[in-house]
Amino acid sequence: MTSTSVSFACCLQMFPTPDLHRTAEYYENLGYRSVYYLESAEPHVCLYRDAMEIVLTKGNPENFKPNRLLHGYGYDGYFITTDQQGMLEELTTRGVKIVRPLTTTDYNNREFVFEDVDGRWIAVGMKQS
């Protein structure tokens, strides 16, 4: 069943991590603000930047694997920006590891991919108008 009067507003990204503090610090260095909820029944850290939210949850260090290692391919996140070149320059200046340069994919998206502190591959794309 589809509805034309109801729509989703946004989506937040859930990242299990073997070390909440280390991963939060990595994203703080990328300009995210952290809010820690370590005493809750399900300990987590919320990361905020612009209109984005990432929730870090405690993952089992022995079992943690990024999607490309677990499934053979795939990103762990896909972030949308309004200025790809500017974002690429910012992340590069901050020392982020770029694993795929800004290119057009075989499915006709312009994107680049970076690797975070936990080995996740995160694509950065732009909505086509």
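Participant: Explain the overall build of the protein to me, and be specific about the residues and the numbers.
Facilitator: Helix and strand counts for the protein come out as 3 helices and 8 strands. Sequence-ordered secondary structure for the protein, helices as α and strands as β, is β-α-β-β-β-α-β-α-β-β-β. The principal-axis extents of the C-alpha atoms in the protein amount to approximately 45 × 40 × 30 Å. For the protein, with 129 residues in total, the buried portion stands at 36%. Nonlocal contacts in the protein, meaning residues at least 24 apart in sequence, comprise 50% of its contacts between residues at least 6 apart. When the accessible area of the protein is evaluated, it comes to approximately 8500 Å², of which 52% is carbon and sulfur surface. The average position of the 12 basic charges and that of the 17 acidic charges among the side chains of the protein differ by 4 Å.

Participant: Now, about the pattern of salt bridges: what can you tell me, with residues and values included?
Facilitator: Enumeration according to the criterion identifies 8 salt bridges in this entry. Residue Asp116 pairs with Arg120 through a salt bridge whose shortest N-O separation is 2.7 Å.

Participant: Run through the sheet that holds strand β5 (residues 77-80), naming residues and quoting values.
Facilitator: Taken together, 4 strands build an open sheet; the order of strands is β5-β8-β7-β6 and the sheet is mixed. Looking at strand neighbours, the two that pair on one side only are β5 and β6 (97-104), the edges of this open sheet. This sheet shows a mean twist of 20° between the axes of neighbouring strands, independent of strand direction. Bridge count between β5 and strand β8 (residues 121-125): 4 bridges; the pairing is parallel. Opposite Gly77, over in β8, you have Ile122 as the bridge partner.

Participant: Could you give me a rundown of the pairing of strand β4 (residues 52-58), with the residues and numbers involved?
Facilitator: Across 5 bridges, strand β1 (residues 13-17) lies against β4 in parallel orientation. Bridging from a neighbouring strand, Thr17 pairs with Lys58 of β4. In the sheet, strand β3 (residues 44-49) pairs with β4 via 6 bridges, with the strands oriented antiparallel. Its bridge partner being in β4, Cys46 is matched across the sheet by Val55. Two successive antiparallel strands, β3 and β4, enclose a turn made up of 2 residues, where Asp50 displays a positive phi of approximately 50°.

What counts and what doesn't
- Residues numbered from 1 in each chain as written.
- Predicted model: local features only at pLDDT ≥ 70, side-chain atom pairs only at ≥ 80, totals over all residues.
- Heavy atoms only, no water.
- Helix = DSSP H or I, 4+ residues; strand = E, 2+ residues; numbered from the N terminus.
- Buried < 20%, exposed > 50% of the residue type's maximum accessible area, 1.4 Å probe, protein only.
- Contact = heavy atoms within 4.5 Å.
- Areas by Shrake-Rupley, 256 points an atom, 1.4 Å probe, with all protein chains shown as cover.
- Lys, Arg positive; Asp, Glu negative; His and termini not counted.
- Charge placed at Lys NZ, Arg CZ, Asp CG, Glu CD.
- Salt bridge = Lys/Arg side-chain N within 4 Å of Asp/Glu carboxyl O.
- Pairing = 2+ DSSP bridges.
- Axes fitted to C-alpha atoms, helices over the stretch in contact; angles between N-to-C directions.

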